[in-house]
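Geometric and topological summary
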Amino acid sequence: MNPGADEDADGPLVWDDRLDSGVLAIDLQHRVLFQLLQRVASIQPADSGTALDEVLAQLQTYADYHFRYEEAWMLRQQADATTH
């Protein structure tokens with residue numbers, strides 16, 4: 001997830017400022033998505049399946065919101081969505 005990061009491929013997810021797009025609203029949303037992914041990764045096998053189900057539901061809801069927001073932003077900016 002982090003090209004060139006010091007963590008090995010199986011290590012913890014670590015935010016890297018190189019992932020910032022420069023658009024504050026979108027960067028903040030990306031960080032929320034990242035935090036949700038960290039929560040998914042932190043769930044232990046001994047945890048109830050309900051915990052995973054809840055986090056995955058939150059992730060799906062937020063990802064849907066984020067991608068609609070980002071697509072609308074790109075249309076307003078007349079950005080080329082095919083290269084994004």
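If you're wondering where the values come from, they're calculated on a predicted model, not measured in any experiment.

1. Some points on the overall build of the protein chain
Looking only at helices and strands, the protein chain features two helices and zero strands. Here the protein chain holds 84 residues, and 18% of them are scored as buried. Nonlocal contacts in the protein chain, meaning residues at least 24 apart in sequence, comprise 37% of its contacts between residues at least 6 apart. In the structure as shown, the protein chain presents an accessible area of about 6300 Å², 55% of it carried by carbon and sulfur atoms.

2. Some thoughts on the confidence of the model for the protein chain
Mean pLDDT over the protein chain works out to 84, with 79% of the residues at or above the 70 mark. Here residues 1-7 is a poorly scored stretch, pLDDT under 50, and it has 13 contacts once near neighbours within four places are set aside; other chains count.

3. Section: the environment of Gln35
Mapped onto the secondary structure, Gln35 falls in helix H1 (residues 24-42). In the structure, Gln35 is positioned 24 residues away from Leu59 in sequence and 9.5 Å away in space, judged by C-alpha atoms.

4. Some remarks on the pattern of salt bridges
Pairing is possible between side chains of opposite charge, provided their charged atoms come close. The tally for this structure, following the rule as stated, stands at three salt bridges. As a salt-bridge pair, Asp16 and Arg18 come within 2.4 Å of each other at their nearest N and O atoms. In this structure, Arg31 and Asp17 form a salt bridge, with 3.0 Å as the shortest nitrogen-oxygen distance. With Arg31 in helix H1 and Asp17 in the segment before H1, the pair connects residues that are 14 residues apart, well separated along the chain. The exposure class of Arg31 is partly exposed, given its relative accessible area of 30%. With relative accessibility at 55%, the residue Asp17 sits in the exposed group.

Reading the values: rules and limits
Residues numbered from 1 in each chain as written. Predicted model: local features only at pLDDT ≥ 70, side-chain atom pairs only at ≥ 80, totals over all residues. Heavy atoms only, no water. Helix = DSSP H or I, 4+ residues; strand = E, 2+ residues; numbered from the N terminus. Buried < 20%, exposed > 50% of the residue type's maximum accessible area, 1.4 Å probe, protein only. Contact = heavy atoms within 4.5 Å. Areas by Shrake-Rupley, 256 points an atom, 1.4 Å probe, with all protein chains shown as cover. pLDDT = per-residue confidence, 0-100. Salt bridge = Lys/Arg side-chain N within 4 Å of Asp/Glu carboxyl O.

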